[in-house]
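So the chains spell out like this:
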Amino acid sequence: MINKQNSKIRMKKILFIAFLSLCNLAFSQSGKGTISGVVTDKEMNGEALPFANVFIKGTSIGGTTEMDGKYTLNVPVGNQTIVFSFIGYQTIEKQITVKENENTTVNQELGANEGVTLDEVKINATVSREKETALLLEQKKAVTIETKIGNQELSRKGVSDIATAVTKTTGVSKQEGSGGVFVRGLGDRYNVTTLNGLPLPSNNPSKKNIDLSIFSTDIVEYIGLDKTYSTKNYGDFGGANINISSKVYKGKGFAEINLGTSLNSVAVQKNKFYVADGPNSFGFYKTYYPAFPLNNYNFTTSWDKQTGNFPINSSIAIKGGDSYNLSDNTKVSFFAVGSFDNAYSYKQGVARGDVNVSGVARKNLTRESYSYDTNTSLMGNIRLKHKGHEFKYNGVMINNSSNSHDDYQGIYDVFDNAPEGGAVIQRQTFMRNTLYVHQLLGNHRISDTFKAEWGAAYNFNKNNIPDRRQATVLPHRNDEPNGPKSFFLISNDSDNHRFYSDLEEEELAANAAVTYQFVKNSDDIYKAKIKLGYSGRFKNVDFDATQFNFAINQRTTQPFIDDVYNLDSYFNQANFNAGLYTIRTFRGGLGTSTNVLLPQTYGGNQNINAGYLEVEYKFSDTFTGVFGVRGEQINQSLEYNTSVNAGQSELDQLQILPATSLKYTLNDKHNLKFAASKSYTLPQFKERAPFLYEGVVNSSIGNPNLYSSDNYNADFKWEYFPEREEVISIGVFGKYIENPINEIRINSASNDISYANTGDWGMAYGVELELRKVLFNKEIGENALSNKLTFGLNASYMNHEQELDKDKVINENPGTSVDFSETRDGFAGASDLLINTDLSFKKGFNNGMNFQSTLVYNYFSDRIFALGTEGKGNLVDKGFGTLDLILKSKLNEKLSLGISVKNLLNPSVERLQDNQDVTILSYNKGVDFKLSLSYNF
């Protein structure tokens, strides 16, 4: 009886509990509210933080933030704990009360966590600005059309310098043998290079932009390419603004050392590797010409090639950083990197000059070229952050050098001396470039609506060519090319010379802007933004050069040269005293003038003051526009005193530059973007200075009558982002250039190269494609180890044409004569087709190891090097492709190994004169093999 009663009681309890559970379930299903908000990044001054974790503690309710940092959760009513977290950042918990059918807004700012491990910090750093996915998100978010390539992608593709880095983006190719790049077929004069948004000086008197190959990717967080003009950038723009964003460290202390060794398959085959006498192995070398150089033979360096070290390349880089919390709201961090690397290269092939309409080369030579290059880089930065205020200092020092020996043999002048061959020309050149950059940057979030940013920079660059030597020895008789050699037939004083030059470029630059947000929409988000800014750059350029020509005398008594590689036996004090030669400058010899040692000079100032206004307005959730205008007052003054002429020239103009960008969001995966703008292109100092620069095959001279070109630009682009790491985009672009500037060959005895506004118009238009696809990404095992295969492709196809008007050139440049072979032709440097593609595989292992392999292929089609004149064809660089293999493995938590094989196809590099089908230049670069080790402390 009692048992039956107990059973009934237990049954009633079970039924009662079940009833309460059903009631609670019914209540909970109907009683829900929403939580939404925006997660921002404290380390980036309040920018949106994508992929942050947001969840309700003790439940399975949660997710990650979108690209714009937004999130929305459906949550049961009542008291809840919401948690915000992100790898390498602090985890924040907040108590909230959720009400039925109501939305609760919870915005949260996350900052870096000082207590995370080194690995976590490194992950955070790459997520912020180096990781491919993060930069893709920025591209998706941006209203403007922009491209960024981060350090993670550069490492995966085995890229070690910035010149190579930018060629991995759509529509960009590299000028062979230099660090210059072409963007949509437009070369050096049409591009702008900046570091953290502030301009960089040039390291070459003939170039507008600094050689990008001197920058190691060790200092880079990401590289941005703005191929569409926006008002924040300087208006001297036609191809792209290339902005190098330097590394900024925010996490826990770390130190790392990288060691590497490599060899080139062509250079390593040389039993002896030749360089010029004088410079050391580290590239820090300076010499001056001796006192009284015309009175005696006082030069101490040898004319003869010197045997260098065995051609094995090496590299070392040491970097580290740390950060400290000075208070709850104040943080200081620093990062520093120092590196040194060297490289040996060897080239062998033909070198021909001045090919006439019949296909006969005036100079027909073979060339052997030895080069030993060094690069020393130091960079450090300090970052101080207090609440919404951030201050950064960046300091950079780069010293790069090239020590080369070039040996030319063959026909010196088919119509004059050594017409059947036998000439030997040697040129030894040491070039050193030293760059110093100091930057101070500030970013201030004064309120939710008002932000200010500013930057100032001091740049100093010195390019030095101390004691370049050229020696020319000819057969003693023209009809005996294999007979005795001497200086008997030398007719030009400058065929044997020593050359000294210095270029100094000093610049102050400043940027400042304030941004104000206003007009909120129904979601309490600002939809209007106005930006007012100022930019200024004040550059001084100073170039001087002195060339000592060794004029051959007493021709009938000139001795035979027994050994053309022992010219110290001829150029010495004894033969100077004997009167076999005298030493002169372009201004004359001893006793001819009081100014014979006065260097050839040019220089001047370039001052640009600019103001801009930009308005961004979100017309709807799907349509946003940016409308801006920039005014630039430009003054470029030039003074010159050369062997050709002395005088001055000035450019002074005001440019009004409008720019518009529109973005239409079809859905959360598709964007349509449009941009239109006006910009201009200034001629450079060397292009306007009448200074004769003599090469072995060609010489060049400036034109003081050059003036600026005006550029009109338009772009339209469709972007599709299927997944976080994927993108498909197709863009079309067009450019119209008024009064384009070109390098031309003028009618003269030596067919010098000069510069001119060659026509009234030029145009280029084309299509660009970008594809990034994850082919598979499989997670294996309980540790979710990933096997991942990705594919990337970008390609561009372009049509380009410009007017070539000889009458315009002659009328605008009195005394100049030119006769173009065509009345219309393409742009120099423009390839119709560019292709970059890569395939990467990454595999993870249980012990923390991983392995990654990447195959990279690049191709550019034929492009014009120089326009043809007088019926002679264009000089054309033949297109070719390169294939690289990069292997990387993380062996444990501290040690990593890398192996790369570059230029696997080793194609022939050729330049030809197209109408006459004559090869002007040819060589093979060889295959590069590299082994590297990295150790984290």
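No experiment lies behind these values; they were computed from the predicted model shown.

Across its full length, the protein chain holds eight helices and 52 strands. Compactness check: the protein chain gives a C-alpha radius of gyration of 32 Å against a globular reference of 30 Å for 937 residues, within 12% of the reference. Taking the principal axes of its C-alpha atoms as reference, the protein chain extends roughly 145 × 55 × 50 Å. When the 937 residues of the protein chain are sorted by exposure, 54% land in the buried category. Contacts in the protein chain between residues far apart in sequence, at least 24 positions, make up 70% of those at least 6 positions apart. Accessible area for the protein chain stands at about 38,900 Å²; split by element, carbon and sulfur atoms hold 54% of it. Looking at the protein chain, you have 95 positive and 102 negative side-chain charges, and the mean spots of the two groups are 9 Å apart.

Turning to the sheet that holds strand S13 (residues 192–195), a few remarks are in order. The five strands are arranged S10-S15-S16-S13-S14 in an open sheet whose pairing can be described as mixed. Strands at the two margins of the open sheet, each flanked by one partner only, are strand S10 (147–150) and strand S14 (198–199).

By the definition in use, this model includes 38 aromatic pairs. Considering the side-chain rings of Tyr516 and Phe518, the 5.8 Å spacing of their centres and the 15° angle between planes classify their relative orientation as stacked. Seen in terms of ring centroids, Phe550 and Tyr581 are 5.8 Å apart; in terms of plane orientation they differ by 45°. Their pairing is tilted. With Phe550 in strand S28 (residues 526–552) and Tyr581 in strand S29 (residues 581–585), this pair connects stretches of sequence that are 31 residues apart. Tyr581 shares its class with Phe550; the two are buried. Here the aromatic cluster, defined as three or more aromatic residues joined through ring pairs, consists of Tyr289, Tyr297, Phe299, Trp303, Phe487, Tyr500, Phe548, Phe550, Tyr570, Phe571, Phe576 and Tyr581. A cation over a ring is seen here: Lys305 above Tyr565, with NZ or CZ 3.7 Å from the ring centre.

Here we come to the pairing of strand S17 (residues 254–264). Only one face of S17 is buried: it carries Phe254, Glu256, Asn258, Gly260, Ser262 and Asn264, and the other face, with Ala255, Ile257, Leu259, Thr261 and Leu263, is open. Sheet topology note: the S17/strand S20 (residues 313–327) ladder contains nine bridges and is antiparallel. Each residue of the ladder has a partner; that of Ile257, found in S20, is Ile318. As judged from the nine bridges shared by S17 and strand S52 (residues 928–936), these two strands associate in the antiparallel manner. When the sheet's bridge partners are listed, Asn258 is paired in S52 with Ser934.

Right, let's talk about the confidence of the model for the protein chain for a bit. Looking at the protein chain, pLDDT values average 86 and 91% of them are 70 or higher. For the stretch residues 16–30, pLDDT sits under 50, and the model shows two contacts to residues farther than four places along the chain or on other chains. Note that pLDDT drops below 50 for residues 115–128; the model gives that stretch 30 contacts with residues more than four away or on any other chain.

Here the focus is the environment of Gln139. Along the chain, the position of Gln139 falls in helix H3 (residues 132–141). Among the residues examined, Gln139 registers a relative accessible area of 4% and is labelled buried. Setting aside residues up to four positions removed in sequence, Gln139 forms contacts with Glu146, Lys673, Lys717, Glu719, Phe721, Val727 and Glu770. Within polar-contact distance, the side chain of Gln139 engages the side chain of Glu719 at 3.3 Å.

Another point: the environment of Ser708. Topologically, Ser708 is positioned in the loop between strand S36 (699–700) and strand S37 (709–720). Judged by its relative accessible area of 11%, Ser708 falls in the buried class. For the pair Ser708 and Asn757, spaced 49 residues apart in the sequence, the C-alpha separation amounts to 8.4 Å. When sequence neighbours within four positions are dropped, the list of residues in contact with Ser708 reads Gln653, Gln655, Thr681, Leu682, Pro683, Asn739 and Asn757. Within the structure, Ser708 has its side chain in polar contact with the side chain of Gln653 (distance 3.1 Å).

Together, Tyr324, Leu326, Phe334, Ile382, Leu384, Phe391, Tyr393 and Leu440 make up an exposed nonpolar region whose accessible area comes to about 730 Å². When contributions to the nonpolar patch are tallied by element, the ones reaching two or more residues are S20, strand S22 (361–386) and strand S23 (389–411). Here Phe391 shows up in strand S23. Note on Phe391: relative accessible area 35%, which makes it partly exposed.

With that settled, the discussion passes to H3. Taking burial as the measure, the ten residues of H3 include nine buried ones, the bulk of the element. Turning to H3, its buried residues are Glu132, Thr133, Ala134, Leu135, Leu136, Leu137, Glu138, Gln139 and Lys140.

Tracing the backbone shows Gln600 in strand S31 (residues 600–618). Judged by relative accessible area, which is 5%, Gln600 ranks as buried. Within polar-contact distance, the side chain of Gln600 engages the backbone nitrogen of Ser643 at 2.9 Å. Residues contacting Gln600, with those up to four places away along its chain left out, are Phe543, Asp544, Ala545, Phe586, Arg587, Asn641, Thr642, Ser643 and Phe691.

This part is about the pattern of salt bridges. The full count for this structure, using the stated rule, is 38 salt bridges. The salt bridge involving Lys872 is made with Asp354; its shortest N-O contact spans 3.3 Å. A residue pair is termed long-range when its members are at least 10 positions apart, and Lys872 in the loop between strand S46 (863–866) and strand S47 (875–877) and Asp354 in strand S21 (residues 330–355) qualify at 518 residues. Its relative accessible area of 7% is what places Lys872 among the buried residues. Where Glu719 meets Lys717, a salt bridge forms, and the shortest distance between an N and an O atom there is 3.8 Å. For Lys717, a relative accessible area of 10% corresponds to the buried category. Several salt bridges share partner residues, and in doing so they unite Lys286, Lys462, Asp502 and Glu504 into one network.

Spatially, the four strands line up as an open sheet ordered S4-S3-S6-S7, and their pairing is antiparallel. Lying at the two open borders of the sheet, with one neighbouring strand each, are strand S4 (62–64) and strand S7 (92–98). Between one strand and the next, the sheet's axes are offset by a mean angle of 20°, whatever the strand orientation. Here strand S3 (residues 53–56) pairs with strand S6 (residues 78–85) via four bridges, running antiparallel. If you follow Ile56 over to S6, its bridge partner there is Ile82.

Turning our eyes to something else, we now look at the side chain of Asn511. Inspection of the secondary structure puts Asn511 in strand S27 (residues 497–520). Separated by 3.4 Å, the side chains of Asn511 and Ser535 make a polar contact. Non-local contacts of Asn511, meaning those with residues more than four positions away in its chain, are made with Gly197, Leu198, Tyr234, Glu453, Trp454, Gly455, Tyr534 and Ser535.

Calculation rules
Residues numbered from 1 in each chain as written. Predicted model: local features only at pLDDT ≥ 70, side-chain atom pairs only at ≥ 80, totals over all residues. Heavy atoms only, no water. Helix = DSSP H or I, 4+ residues; strand = E, 2+ residues; numbered from the N terminus. Rg over C-alpha atoms; globule rule 2.2 N^0.38 Å. Buried < 20%, exposed > 50% of the residue type's maximum accessible area, 1.4 Å probe, protein only. Contact = heavy atoms within 4.5 Å. Areas by Shrake-Rupley, 256 points an atom, 1.4 Å probe, with all protein chains shown as cover. Lys, Arg positive; Asp, Glu negative; His and termini not counted. Charge placed at Lys NZ, Arg CZ, Asp CG, Glu CD. Pairing = 2+ DSSP bridges. Phe/Tyr/Trp six-rings, centres within 6.5 Å; stacked < 30°, edge-to-face > 60°. Lys NZ or Arg CZ within 6 Å of the ring centre and 35° of its normal. pLDDT = per-residue confidence, 0-100. Polar contact = N/O pair within 3.5 Å; in protein donor to acceptor, adjacent residues only side chain to side chain. Patch = residues over 30% accessible without salt bridge, like charges linked within 9 Å, V, L, I, M, F, W, Y side chains within 5 Å. Salt bridge = Lys/Arg side-chain N within 4 Å of Asp/Glu carboxyl O. Axes fitted to C-alpha atoms, helices over the stretch in contact; angles between N-to-C directions.

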